[in-house]
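# Structural features, examined
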Amino acid sequence: MKKVLVITYYWPPSGGSGVQRWVKFAKYLENENWHPVIYTPSNPDYTILDESLEKEIPDSVEVIKTPIREIYGLYRKLTGKKGKAAQVNPVTNKNNTWKDKLCLAIRGNLFIPDPRVAWLRPSVRFLCRYLEEHPVDMIVSTGPPHSMHLIAQKVARKTGIPWIADFRDPWTKIFYFKHLRLTKWAERKYKRLEKGVLDDASAVVAVSPLVQEDFQSMTRTPVHLITNGYDESDFLEKVQPDSFFNITHSGLLVSDGNPKILWEVLGEKVRSHPEMASKLKIRLVGKTDEDVLECMDRCGLTPYLVNLGYQSHGVAIREIQNASVLILPIRTEPETKAILPGKLFEYLAARKPILGIADPEGAMSRVLTESGAGISCDWDEKEKISAFINRQWKNFQEGKQQEETDISRFSRRKLTTQMAELMNSLVRK
C-alpha cells in the first residue's frame, strides 16, 4: 500500500467545514490502496471544536504532531478580547477598534502568508528527518492556512517526493485579501509565494471551477478540480421532518452575507398569512453575527427564530434533513463568486429545496441550476425570493417532496477515487 503525507493545520478535534475535506479523504483512501499519514500541530489555536469528527477517522490512520507557536494569544492580550469576542474575524467586523486595525496591519504585513508561518521551519526540519526513516510516496498540503503549502514546497524540494497543493479556498483572490492593509512590498510577497507554490507543485487541486480557471491562468502546472462533497454514511439515519415549515441555515452566517431581503419577505408573509406564521420556524445552526439577528428582529422574526448556535456535524446533518427550505447566502464580496461552499453538497444530499442568494453567474449558482435542487437569486431579487417561498409553502401544505436528481459525482467516495487516481498518476511519473 502506498503512503501519502498530508500536511494540514485543521484536524479533529477542530470543528467547522475546513477540517472535513481531509477527514473524509482519510476515511476512504485506504480503499484506494493509499495509507494516509497526517501531520498537524499538537497545540493549535482552534476557535471551534467538534470532537465527534474523531469518530470518522479509521484507527489505521497515522497522525504525527509537533508544537506550533501562534500569535492569537498576543492578539487577545492587545485587544482585551476573550471568548467569542476574540474569535471575531477583524477583516469583516464593522466595529473594528484602532487596536483591531493595528493587529490586522501587523498580521497582514509581518506574518506572511498567515499567522501559522512560525511553524514553517521547525516543520521542514522535523519532516525531513521523519521521512528518512518513514518514506512516503506522495505529499499533499491543504490550505488555508497557506503556510501548509510552504512547508510542503520546501520538503518536496529537499526530498524529491511528488507534491499536490490542495486549495480549499483561493489565496490572493480570496475576498478578505484586499482588507489586509498591505504595503506594496507585502502584497508582492504574497503573490510571489502563491506563484512559487503553483509552479513548484507536481499538481494543484481546486474545489471550484472558477478557482481552477484562475489558478490555471497563473501557472503551467496542471490544475485539477476535485470539489468538496457529501458522505453517504452521514445520511444513513433518515430524519422524519417535524410538523413545522422550517427554513434552515447551517454554518456561519456573517454580517456581509446577511440575506436582508429574505428577512423582509418572511416578515411580510407572517404579517399577512396567519397560517404560515403558525407553522414557520427559522432555524440557524451555527455561529450567527449579531447584525443578522438584529436585522431579523427589525423584520419581526424573533418569535419564529430557533438559534441553535454551533452544533456538532451530526446535529447539523439532522437539522438540514428536518428542513422544509435550506437557505444558502454567499458573502456580498465580489470575489466569493468563485466559491463553492462545503455545505452546498450536504444540502444537495438532504434532498430539500435550496434558496441560494448570490451572484447568479457564480459557481454555486451553476451547481444549483445544473442539479435542479433549487434556485439562485441575486441579493435584491425580492419578487423571485417571495415566489420561491410561496411555492415551497404550497408544497409543504400539500406534502410534496423534492424531486431527486443525480448528485453522485459529489459523493466523498467518488471524490476520494479522483484524488487517488491523481496521486497514482504522479507516482507513476
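Quick caveat, the model's predicted, so the values are computed rather than measured. (Residues numbered from 1 in each chain as written. Predicted model: local features only at pLDDT ≥ 70, side-chain atom pairs only at ≥ 80, totals over all residues. Heavy atoms only, no water.)

Once that is clear, we can look at the overall build of the chain. Within the chain one finds 15 helices and 13 strands. The C-alpha atoms of the chain give 22 Å as radius of gyration, which agrees with the globular expectation for 429 residues (22 Å, within 12%). Across its three principal directions, the C-alpha atoms of the chain cover 70 × 50 × 40 Å. Within the chain, buried positions represent 54% of all 429 residues. Sequence-distant contacts in the chain: of pairs separated by 6 or more residues, those separated by 24 or more amount to 76%. As displayed, the chain has an accessible area near 19300 Å², and 50% of this comes from carbon and sulfur atoms. Of the side chains in the chain, 62 bear a positive and 53 a negative charge, and the two mean positions are spaced by 5 Å. (Helix = DSSP H or I, 4+ residues; strand = E, 2+ residues; numbered from the N terminus. Rg over C-alpha atoms; globule rule 2.2 N^0.38 Å. Buried < 20%, exposed > 50% of the residue type's maximum accessible area, 1.4 Å probe, protein only. Contact = heavy atoms within 4.5 Å. Areas by Shrake-Rupley, 256 points an atom, 1.4 Å probe, with all protein chains shown as cover. Lys, Arg positive; Asp, Glu negative; His and termini not counted. Charge placed at Lys NZ, Arg CZ, Asp CG, Glu CD.)

What follows is about the packing of aromatic side chains. Applying the stated criterion across every chain, the model contains 15 aromatic pairs. When the centroid spacing of 6.0 Å and the interplanar angle of 25° are considered together, the rings of Y10 and Y46 count as stacked. Of this pair, Y10 sits in the loop between β1 (2-7) and α1 (17-29) while Y46 sits in the loop between β2 (34-41) and β3 (62-66); the two residues are 36 residues apart in sequence, bridging distant segments of the chain. Plain terms: the ring middles of F345 and F410 are 4.9 Å apart, the flat faces sit at 55° to each other, and that makes the pair tilted. (Phe/Tyr/Trp six-rings, centres within 6.5 Å; stacked < 30°, edge-to-face > 60°.)

Our focus in this paragraph is the pairing of strand β12 (residues 354-357). Residues I354 and G356 line one face of β12 and the alternating positions L355 and I357 line the opposite face, and both faces are buried. Pairing analysis gives four bridges linking strand β11 (residues 325-329) to β12, with the strands arranged parallel. Its bridge partner being in β12, I327 is matched across the sheet by L355. Of the crossover connections in this fold, the one passing from β11 over helix α12 (residues 343-350) to the parallel β12 is right-handed. Both β12 and strand β13 (residues 374-377) contribute to a ladder of four bridges, which runs parallel. Directly across from I354, in β13, lies its bridge partner G374. Viewed along the sheet, the connection from β12 through helix α13 (residues 363-371) into β13 turns out right-handed. (Pairing = 2+ DSSP bridges. Right-handed = clockwise from strand over helix to strand, strands pointing away.)

Within the secondary structure layout, P12 lies in the loop between β1 and α1. The buried category is assigned to P12, whose relative accessible area is 6%. In this structure the C-alpha to C-alpha distance between P12 and V23, which are eleven residues apart in sequence, comes to 8.1 Å. Apart from residues no more than four positions distant in its own chain, P12 is found in contact with V19, V23, L53, E54 and I57.

Attention now goes to the nonpolar core. Formed by 96 residues in total, the largest nonpolar core has its most connected members in L5 and I164. Residues in contact with I164, not counting those within four places in the same chain, are M138, I139, V140, S141, A203, V205, M419, L422, M423 and L426. With 32 residues, the next largest nonpolar core counts L355, I357, I375 and W379 among its residues. (Core = buried A, V, L, I, M, F, W, Y, C linked by side-chain atoms within 4.5 Å.)

With that settled, consider the side chain of R331. Position of R331 among the secondary structure elements: in the loop between β11 and α12. Under the relative-accessibility criterion, R331 is labelled buried at 19%. Of the polar contacts made by the side chain of R331, one reaches the side chain of D256; its length is 2.9 Å. (Polar contact = N/O pair within 3.5 Å; in protein donor to acceptor, adjacent residues only side chain to side chain.)

In this section: the pairing of strand β6 (residues 203-206). The alternating pattern of β6 places A203 and V205 on one face and V204 and A206 on the opposite face, and all of these are buried. In the sheet, strand β5 (residues 163-167) pairs with β6 via four bridges, with the strands oriented parallel. Looking across to β6, one finds that F167 is bridged to A206. In the classification by handedness, the crossover that spans β5, the intervening helix α6 (residues 184-200) and the parallel β6 is right-handed. Here β6 pairs with strand β7 (residues 223-225) via three bridges, running parallel. In the sheet register, V205 faces β7, and the bridge partner there is H224.

Glancing now at the sheet that holds strand β9 (residues 280-285). Taken in spatial order, the six strands make up an open sheet running β10-β9-β8-β11-β12-β13, and their pairing is parallel. Among the strands making up the open sheet, the edge pair consists of β10 (305-309) and β13. Neighbouring strand axes in the sheet, compared pairwise and without regard to direction, differ in orientation by 20° on average. Against the sheet, helix α8 (residues 260-272) touches β8 (245-250), β9, β11 and β12, its axis set at about 155° to β9. Contacts from helix α14 (residues 382-398) reach β8, β11, β12 and β13, with the element oriented near 160° to β13. (Axes fitted to C-alpha atoms, helices over the stretch in contact; angles between N-to-C directions.)

Below, the discussion takes up helix α15 (residues 412-428). The terminal C-alpha atoms of α15 lie 24 Å apart, and with 17 residues this matches the ideal 24 Å at 1.5 Å per residue to within 8%. Looking only at α15, the buried set comprises R412, L415, T416, M419, A420, L422, M423, N424 and L426. Taking the backbone nitrogen of R413 as reference, a side-chain oxygen 3.2 Å away marks S411 as the first, capping residue of α15. (Expected span 1.5 Å × (residues − 1).)

We now examine a nonpolar patch on the surface. Together, L102, I106 and L110 make up a nonpolar patch on the protein surface, roughly 280 Å² of accessible area in all. Within the fold, L102 resides in helix α3 (residues 98-110). On the basis of relative accessible area, L102 is assigned to the partly exposed category, the value being 42%. (Patch = residues over 30% accessible without salt bridge, like charges linked within 9 Å, V, L, I, M, F, W, Y side chains within 5 Å. Salt bridge = Lys/Arg side-chain N within 4 Å of Asp/Glu carboxyl O.)

Attention now moves to the sheet that holds β3. The parallel open sheet is built from seven strands, whose spatial order is β3-β2-β1-β4-β5-β6-β7. Each edge of the sheet is formed by a strand with only one pairing partner; in this case those strands are β3 and β7. Going across the sheet, the axis of each strand differs from the next one's by a mean of 25°, ignoring polarity. Set on the sheet, helix α5 (residues 147-159) makes contact with β1, β4 (138-143) and β5; between it and β4 the angle comes to about 160°. On the sheet, α6 packs against β5 and β6 and is oriented at approximately 130° with respect to β5.

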